[in-house]
Amino acid sequence: MGEPNGCLHDGREAGSLELHRPVMLAEVLAALGASRGGTFVDATLGLGGHSEAILQAAPQSRVIGFDRDRGAIELAKARLLSFGSRLTAVHTDYRQIREALHQLNTPSVDGILADLGVSSWQLDSPDRGFSFRFGSELLDMRMDQSQGQTAADLVNRVSEKDLADLIWRFGEERAGRRIARRIVASRAHAPLRTTGDLAEIVVKAVNQKGRWRVHPATQTFQALRIAVNSELEGLSEFVDDCVDRLVPGGRLVVVTFHSLEDRIIKQAFKIQSGHCVCPPHLPACNCGARRRVELLTRKALIPGEGEVSENPRARSAKLRACRKLEDAGLL
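For the structure given in this document, a descriptive report is provided here. (Residues numbered from 1 in each chain as written. Predicted model: local features only at pLDDT ≥ 70, side-chain atom pairs only at ≥ 80, totals over all residues. Heavy atoms only, no water.)

The subject of this paragraph is the state of the cysteines. Linking two cysteines covalently through their sulfur atoms gives a disulfide. Under the criterion given, the structure shown has zero disulfides. Take Cys-285: it sits in no disulfide, and the sulfur closest to it among the cysteines is that of Cys-287, at 3.5 Å. For Cys-285, a relative accessible area of 45% puts it in the partly exposed group. (Disulfide = S-S within 2.5 Å. Buried < 20%, exposed > 50% of the residue type's maximum accessible area, 1.4 Å probe, protein only.)

With that settled, the discussion passes to the packing of helix 7 (residues 160-171) against helix 10 (residues 218-229). Direction vectors running N to C along helix 7 and helix 10 enclose 95°, while the axes themselves pass 8 Å from each other. Comparing their axes, helix 10 and helix 7 come out roughly perpendicular. Two secondary-structure elements touch here, helix 7 through Leu-166, Ile-167, Phe-170 and Gly-171 and helix 10 through Gln-219, Thr-220, Gln-222, Ala-223, Leu-224, Ile-226 and Ala-227. Here the contact of helix 7 with helix 10 is built from residues that sort into seven nonpolar, four polar and no charged. (Axes fitted to C-alpha atoms, helices over the stretch in contact; angles between N-to-C directions. Helix = DSSP H or I, 4+ residues; strand = E, 2+ residues; numbered from the N terminus. Parallel < 35°, antiparallel > 145°, perpendicular 65-115°, else oblique. Contact = heavy atoms within 4.5 Å. Nonpolar A, V, L, I, M, F, W, Y, C, P; charged D, E, K, R; others polar.)

The strand order across the open sheet formed by seven strands is 3-2-1-4-5-7-6, and the pairing between neighbours is mixed. With partners counted over all chains shown, the strands left at the sheet margins are strand 3 (87-91) and strand 6 (293-295), one partner each. Pairwise comparison of adjacent strand axes, ignoring direction, gives a mean angle of 15° for this sheet. Here strand 2 (residues 62-67) pairs with strand 3 via five bridges, running parallel. (Pairing = 2+ DSSP bridges.)

Moving on: the packing of aromatic side chains. Each aromatic ring pair is described using two quantities: the centre-to-centre distance and the angle formed by the ring planes. Under the counting rule described, the total for this entry stands at two aromatic pairs. With a centroid separation of 5.1 Å and 90° between ring planes, the pair formed by Phe-132 and Phe-221 is classed as edge-to-face. Taken together, the residues span a long stretch of sequence, with Phe-132 in the loop between helix 5 (120-123) and helix 6 (151-157) and Phe-221 in helix 10 at a distance of 89 residues. A residue is classified by how much of its surface remains accessible, and Phe-132, at 23% relative accessible area, is partly exposed. A relative accessible area of 4% means that Phe-221 is categorised as buried. (Phe/Tyr/Trp six-rings, centres within 6.5 Å; stacked < 30°, edge-to-face > 60°.)

Written out as C-alpha coordinates, the structure is:
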(Lines give C-alpha, C1' and ligand atoms only; values in the text may rest on other atoms or scores of the structure.)
Protein backbone atom coordinates (compact mmCIF):
# COMPACT_ATOMS: atom_id res chain seq x y z
CA MET A 1 0.00 0.00 0.00
CA GLY A 2 1.51 3.32 -1.01
CA GLU A 3 0.82 7.00 -0.79
CA PRO A 4 -1.07 8.06 -3.91
CA ASN A 5 0.50 11.04 -5.56
CA GLY A 6 2.85 12.07 -8.30
CA CYS A 7 4.59 15.15 -6.94
CA LEU A 8 7.36 16.25 -4.63
CA HIS A 9 7.13 18.66 -1.74
CA ASP A 10 10.41 19.91 -0.31
CA GLY A 11 9.24 22.15 2.49
CA ARG A 12 8.61 25.31 0.49
CA GLU A 13 5.15 26.83 0.07
CA ALA A 14 2.53 24.16 -0.67
CA GLY A 15 1.07 24.41 -4.13
CA SER A 16 4.11 26.02 -5.72
CA LEU A 17 4.05 25.03 -9.36
CA GLU A 18 7.81 24.51 -9.57
CA LEU A 19 7.50 21.66 -7.06
CA HIS A 20 5.15 19.62 -9.21
CA ARG A 21 6.96 16.58 -10.59
CA PRO A 22 4.59 14.39 -12.57
CA VAL A 23 5.18 10.73 -11.82
CA MET A 24 6.83 8.46 -14.42
CA LEU A 25 6.79 11.27 -16.98
CA ALA A 26 8.99 9.63 -19.62
CA GLU A 27 7.08 6.35 -19.35
CA VAL A 28 3.73 8.15 -19.61
CA LEU A 29 4.76 10.06 -22.73
CA ALA A 30 6.10 6.92 -24.39
CA ALA A 31 3.02 4.85 -23.53
CA LEU A 32 0.69 7.58 -24.82
CA GLY A 33 2.72 8.03 -27.98
CA ALA A 34 2.55 11.75 -27.26
CA SER A 35 5.13 12.66 -29.89
CA ARG A 36 2.74 11.64 -32.68
CA GLY A 37 0.44 14.51 -31.73
CA GLY A 38 -3.33 14.60 -31.56
CA THR A 39 -6.07 15.25 -29.04
CA PHE A 40 -5.40 13.85 -25.58
CA VAL A 41 -7.43 13.68 -22.39
CA ASP A 42 -5.64 14.22 -19.09
CA ALA A 43 -8.39 12.76 -16.95
CA THR A 44 -6.70 13.89 -13.72
CA LEU A 45 -5.24 17.29 -14.61
CA GLY A 46 -3.88 18.14 -11.15
CA LEU A 47 -1.29 20.90 -11.44
CA GLY A 48 -0.81 20.18 -15.14
CA GLY A 49 2.62 18.54 -15.16
CA HIS A 50 1.69 15.68 -17.46
CA SER A 51 -0.41 17.95 -19.67
CA GLU A 52 2.46 20.38 -20.05
CA ALA A 53 4.75 17.60 -21.25
CA ILE A 54 2.10 16.26 -23.65
CA LEU A 55 1.61 19.73 -25.16
CA GLN A 56 5.37 20.17 -25.50
CA ALA A 57 5.78 16.77 -27.18
CA ALA A 58 4.06 17.86 -30.40
CA PRO A 59 3.15 21.41 -31.51
CA GLN A 60 -0.20 20.36 -32.97
CA SER A 61 -1.41 18.51 -29.85
CA ARG A 62 -4.41 19.54 -27.79
CA VAL A 63 -5.21 18.49 -24.22
CA ILE A 64 -8.59 18.28 -22.54
CA GLY A 65 -8.01 18.21 -18.79
CA PHE A 66 -10.49 17.05 -16.15
CA ASP A 67 -10.24 17.54 -12.41
CA ARG A 68 -12.61 17.42 -9.44
CA ASP A 69 -10.62 20.07 -7.60
CA ARG A 70 -11.40 23.63 -8.70
CA GLY A 71 -8.26 24.92 -7.01
CA ALA A 72 -6.07 22.52 -8.97
CA ILE A 73 -7.75 23.54 -12.22
CA GLU A 74 -7.01 27.22 -11.64
CA LEU A 75 -3.36 26.49 -10.84
CA ALA A 76 -3.03 24.25 -13.91
CA LYS A 77 -4.61 26.88 -16.16
CA ALA A 78 -2.12 29.46 -14.87
CA ARG A 79 0.78 27.07 -15.46
CA LEU A 80 -0.37 26.24 -18.99
CA LEU A 81 -1.49 29.74 -20.00
CA SER A 82 1.12 29.99 -22.76
CA PHE A 83 -0.50 27.08 -24.63
CA GLY A 84 -3.67 29.11 -25.15
CA SER A 85 -6.60 27.26 -26.70
CA ARG A 86 -4.60 24.05 -26.93
CA LEU A 87 -5.72 23.37 -23.34
CA THR A 88 -9.34 22.94 -22.32
CA ALA A 89 -9.83 22.50 -18.58
CA VAL A 90 -13.10 21.10 -17.24
CA HIS A 91 -14.28 20.80 -13.63
CA THR A 92 -15.62 17.25 -13.60
CA ASP A 93 -14.98 13.76 -12.29
CA TYR A 94 -12.90 11.74 -14.75
CA ARG A 95 -15.51 8.99 -14.61
CA GLN A 96 -17.83 11.37 -16.46
CA ILE A 97 -15.56 11.23 -19.50
CA ARG A 98 -18.30 10.11 -21.88
CA GLU A 99 -20.64 12.97 -20.93
CA ALA A 100 -17.84 15.55 -20.76
CA LEU A 101 -16.52 14.75 -24.24
CA HIS A 102 -20.07 14.80 -25.60
CA GLN A 103 -20.56 18.29 -24.14
CA LEU A 104 -17.31 19.36 -25.82
CA ASN A 105 -18.44 17.88 -29.15
CA THR A 106 -15.37 15.63 -29.15
CA PRO A 107 -16.51 12.10 -30.01
CA SER A 108 -13.03 10.58 -30.11
CA VAL A 109 -9.49 11.26 -28.90
CA ASP A 110 -6.01 9.93 -29.61
CA GLY A 111 -4.99 9.17 -26.06
CA ILE A 112 -6.20 9.23 -22.47
CA LEU A 113 -4.16 9.46 -19.28
CA ALA A 114 -5.48 8.87 -15.77
CA ASP A 115 -2.99 9.45 -12.94
CA LEU A 116 -5.13 8.28 -10.02
CA GLY A 117 -4.87 9.36 -6.43
CA VAL A 118 -4.16 12.54 -4.50
CA SER A 119 -1.53 15.06 -5.53
CA SER A 120 1.14 16.31 -3.18
CA TRP A 121 -0.40 19.76 -3.49
CA GLN A 122 -3.54 18.35 -1.85
CA LEU A 123 -1.67 16.20 0.66
CA ASP A 124 0.49 19.11 1.74
CA SER A 125 -2.25 21.73 1.87
CA PRO A 126 -3.07 22.45 5.54
CA ASP A 127 -6.76 23.03 4.82
CA ARG A 128 -7.68 19.80 3.04
CA GLY A 129 -7.48 17.22 5.83
CA PHE A 130 -5.70 14.52 3.82
CA SER A 131 -2.63 14.29 6.03
CA PHE A 132 -1.88 13.80 9.72
CA ARG A 133 1.27 15.90 9.38
CA PHE A 134 -0.32 19.13 10.54
CA GLY A 135 -2.65 17.72 13.19
CA SER A 136 -4.86 20.78 13.54
CA GLU A 137 -6.54 20.70 10.12
CA LEU A 138 -10.19 19.72 9.85
CA LEU A 139 -10.97 16.16 8.78
CA ASP A 140 -12.19 16.87 5.25
CA MET A 141 -10.42 14.71 2.62
CA ARG A 142 -12.78 15.70 -0.22
CA MET A 143 -11.13 16.15 -3.59
CA ASP A 144 -14.11 18.26 -4.60
CA GLN A 145 -14.86 20.45 -1.61
CA SER A 146 -18.06 21.71 -3.18
CA GLN A 147 -19.98 18.52 -2.48
CA GLY A 148 -20.25 15.28 -0.54
CA GLN A 149 -19.64 14.17 3.02
CA THR A 150 -16.33 14.75 4.78
CA ALA A 151 -14.13 12.30 6.63
CA ALA A 152 -15.39 13.87 9.87
CA ASP A 153 -18.95 13.01 8.83
CA LEU A 154 -17.90 9.39 8.38
CA VAL A 155 -15.98 8.87 11.62
CA ASN A 156 -18.64 10.60 13.71
CA ARG A 157 -21.74 8.99 12.21
CA VAL A 158 -20.96 5.53 10.84
CA SER A 159 -21.56 2.50 13.05
CA GLU A 160 -18.64 0.71 14.66
CA LYS A 161 -19.10 -2.36 12.44
CA ASP A 162 -19.30 -0.34 9.24
CA LEU A 163 -16.27 1.73 10.27
CA ALA A 164 -14.27 -1.43 10.92
CA ASP A 165 -15.32 -2.91 7.57
CA LEU A 166 -14.45 0.33 5.77
CA ILE A 167 -10.98 0.54 7.34
CA TRP A 168 -10.25 -3.08 6.45
CA ARG A 169 -11.72 -2.97 2.94
CA PHE A 170 -10.12 0.28 1.75
CA GLY A 171 -7.06 0.39 3.99
CA GLU A 172 -6.36 -3.33 4.43
CA GLU A 173 -5.71 -2.42 8.05
CA ARG A 174 -5.71 -5.54 10.22
CA ALA A 175 -6.40 -3.54 13.36
CA GLY A 176 -9.56 -2.07 11.83
CA ARG A 177 -11.91 -3.39 14.51
CA ARG A 178 -9.73 -2.10 17.32
CA ILE A 179 -9.45 1.31 15.66
CA ALA A 180 -13.19 1.52 15.04
CA ARG A 181 -13.89 0.60 18.66
CA ARG A 182 -11.65 3.41 19.91
CA ILE A 183 -13.16 5.93 17.48
CA VAL A 184 -16.68 5.16 18.67
CA ALA A 185 -15.61 5.34 22.32
CA SER A 186 -13.90 8.68 21.75
CA ARG A 187 -16.75 10.30 19.82
CA ALA A 188 -19.15 9.42 22.62
CA HIS A 189 -17.42 12.15 24.63
CA ALA A 190 -16.73 14.63 21.81
CA PRO A 191 -16.83 14.46 18.01
CA LEU A 192 -13.58 14.00 16.12
CA ARG A 193 -12.79 17.25 14.30
CA THR A 194 -9.16 17.28 13.23
CA THR A 195 -6.60 15.02 11.60
CA GLY A 196 -4.72 15.05 14.89
CA ASP A 197 -7.77 13.75 16.75
CA LEU A 198 -8.00 10.76 14.45
CA ALA A 199 -4.25 10.08 14.22
CA GLU A 200 -3.93 10.05 18.01
CA ILE A 201 -6.72 7.50 18.34
CA VAL A 202 -5.18 5.23 15.71
CA VAL A 203 -1.74 5.40 17.31
CA LYS A 204 -3.21 4.39 20.67
CA ALA A 205 -5.07 1.52 19.04
CA VAL A 206 -2.19 0.25 16.92
CA ASN A 207 1.17 1.33 18.33
CA GLN A 208 1.38 3.03 21.69
CA LYS A 209 5.19 2.80 21.84
CA GLY A 210 5.51 5.72 19.47
CA ARG A 211 8.18 4.19 17.20
CA TRP A 212 7.46 3.30 13.59
CA ARG A 213 8.82 3.44 10.04
CA VAL A 214 5.41 4.16 8.48
CA HIS A 215 2.94 6.15 10.56
CA PRO A 216 0.30 3.79 12.07
CA ALA A 217 -2.54 5.99 10.78
CA THR A 218 -1.48 5.78 7.12
CA GLN A 219 -3.83 2.96 6.14
CA THR A 220 -6.77 4.34 8.11
CA PHE A 221 -6.39 7.74 6.46
CA GLN A 222 -6.17 6.04 3.07
CA ALA A 223 -9.35 4.08 3.77
CA LEU A 224 -11.31 7.18 4.76
CA ARG A 225 -10.04 9.14 1.76
CA ILE A 226 -11.07 6.37 -0.63
CA ALA A 227 -14.50 6.16 0.98
CA VAL A 228 -15.07 9.93 1.02
CA ASN A 229 -14.17 10.27 -2.67
CA SER A 230 -15.66 6.94 -3.86
CA GLU A 231 -12.32 6.34 -5.54
CA LEU A 232 -12.85 2.68 -6.44
CA GLU A 233 -16.38 3.06 -7.77
CA GLY A 234 -16.80 3.03 -11.51
CA LEU A 235 -13.15 2.35 -12.41
CA SER A 236 -13.98 -0.62 -14.64
CA GLU A 237 -16.71 1.38 -16.36
CA PHE A 238 -14.25 4.25 -16.78
CA VAL A 239 -11.83 1.98 -18.64
CA ASP A 240 -14.67 0.76 -20.86
CA ASP A 241 -15.76 4.35 -21.62
CA CYS A 242 -12.17 5.32 -22.40
CA VAL A 243 -11.77 2.53 -24.93
CA ASP A 244 -15.08 3.58 -26.50
CA ARG A 245 -13.81 7.15 -26.96
CA LEU A 246 -10.38 6.24 -28.37
CA VAL A 247 -9.75 6.31 -32.10
CA PRO A 248 -8.42 3.03 -33.49
CA GLY A 249 -4.76 2.94 -32.50
CA GLY A 250 -5.40 5.33 -29.60
CA ARG A 251 -3.72 4.73 -26.24
CA LEU A 252 -5.03 4.51 -22.67
CA VAL A 253 -2.53 4.94 -19.83
CA VAL A 254 -3.49 4.53 -16.16
CA VAL A 255 -1.19 5.13 -13.20
CA THR A 256 -2.31 3.70 -9.86
CA PHE A 257 -0.87 4.14 -6.38
CA HIS A 258 -2.24 1.32 -4.27
CA SER A 259 -3.08 -2.33 -4.75
CA LEU A 260 -6.86 -1.90 -4.64
CA GLU A 261 -6.87 0.47 -7.62
CA ASP A 262 -4.31 -1.54 -9.54
CA ARG A 263 -6.25 -4.76 -9.09
CA ILE A 264 -9.36 -3.20 -10.65
CA ILE A 265 -7.46 -1.59 -13.53
CA LYS A 266 -5.52 -4.79 -14.25
CA GLN A 267 -8.75 -6.79 -14.46
CA ALA A 268 -10.49 -4.14 -16.58
CA PHE A 269 -7.58 -4.16 -19.04
CA LYS A 270 -7.73 -7.96 -19.23
CA ILE A 271 -11.44 -7.82 -20.06
CA GLN A 272 -10.82 -5.22 -22.77
CA SER A 273 -8.10 -7.43 -24.25
CA GLY A 274 -10.51 -10.35 -24.50
CA HIS A 275 -9.39 -12.39 -21.48
CA CYS A 276 -12.27 -13.75 -19.44
CA VAL A 277 -11.96 -13.11 -15.70
CA CYS A 278 -15.01 -15.09 -14.64
CA PRO A 279 -14.64 -17.86 -12.02
CA PRO A 280 -13.74 -21.12 -13.79
CA HIS A 281 -16.83 -22.95 -12.56
CA LEU A 282 -19.26 -20.72 -14.49
CA PRO A 283 -20.78 -22.39 -17.55
CA ALA A 284 -20.45 -19.25 -19.68
CA CYS A 285 -18.58 -15.97 -19.61
CA ASN A 286 -20.52 -13.05 -18.18
CA CYS A 287 -17.71 -10.55 -17.54
CA GLY A 288 -18.12 -9.02 -20.99
CA ALA A 289 -14.60 -9.85 -22.19
CA ARG A 290 -14.12 -8.74 -25.78
CA ARG A 291 -10.84 -8.17 -27.60
CA ARG A 292 -10.82 -4.44 -28.23
CA VAL A 293 -7.29 -3.53 -27.14
CA GLU A 294 -3.72 -4.77 -27.24
CA LEU A 295 -1.95 -4.64 -23.89
CA LEU A 296 1.22 -2.54 -24.09
CA THR A 297 2.30 -3.53 -20.57
CA ARG A 298 2.12 -7.22 -19.77
CA LYS A 299 3.39 -6.30 -16.31
CA ALA A 300 2.87 -2.93 -14.72
CA LEU A 301 5.77 -0.50 -15.11
CA ILE A 302 7.18 1.00 -11.92
CA PRO A 303 9.37 4.07 -11.31
CA GLY A 304 13.12 3.72 -11.51
CA GLU A 305 15.36 4.02 -8.48
CA GLY A 306 16.41 7.54 -9.46
CA GLU A 307 12.85 8.83 -9.54
CA VAL A 308 11.96 7.18 -6.24
CA SER A 309 15.07 8.69 -4.68
CA GLU A 310 14.06 12.18 -5.82
CA ASN A 311 10.35 11.67 -5.15
CA PRO A 312 9.72 9.03 -2.45
CA ARG A 313 5.98 9.36 -2.81
CA ALA A 314 6.23 7.92 -6.34
CA ARG A 315 7.50 4.60 -4.98
CA SER A 316 4.14 2.82 -5.16
CA ALA A 317 3.19 3.99 -8.67
CA LYS A 318 2.27 1.38 -11.27
CA LEU A 319 1.64 2.18 -14.93
CA ARG A 320 -0.53 0.10 -17.24
CA ALA A 321 -1.21 0.92 -20.89
CA CYS A 322 -3.14 -0.46 -23.83
CA ARG A 323 -3.76 0.43 -27.50
CA LYS A 324 -7.15 0.22 -29.18
CA LEU A 325 -7.24 -2.26 -32.03
CA GLU A 326 -7.77 -0.96 -35.53
CA ASP A 327 -10.93 -3.01 -36.02
CA ALA A 328 -12.45 -2.20 -32.62
CA GLY A 329 -14.44 0.75 -33.93
CA LEU A 330 -15.95 3.72 -32.09
CA LEU A 331 -19.09 3.30 -29.94
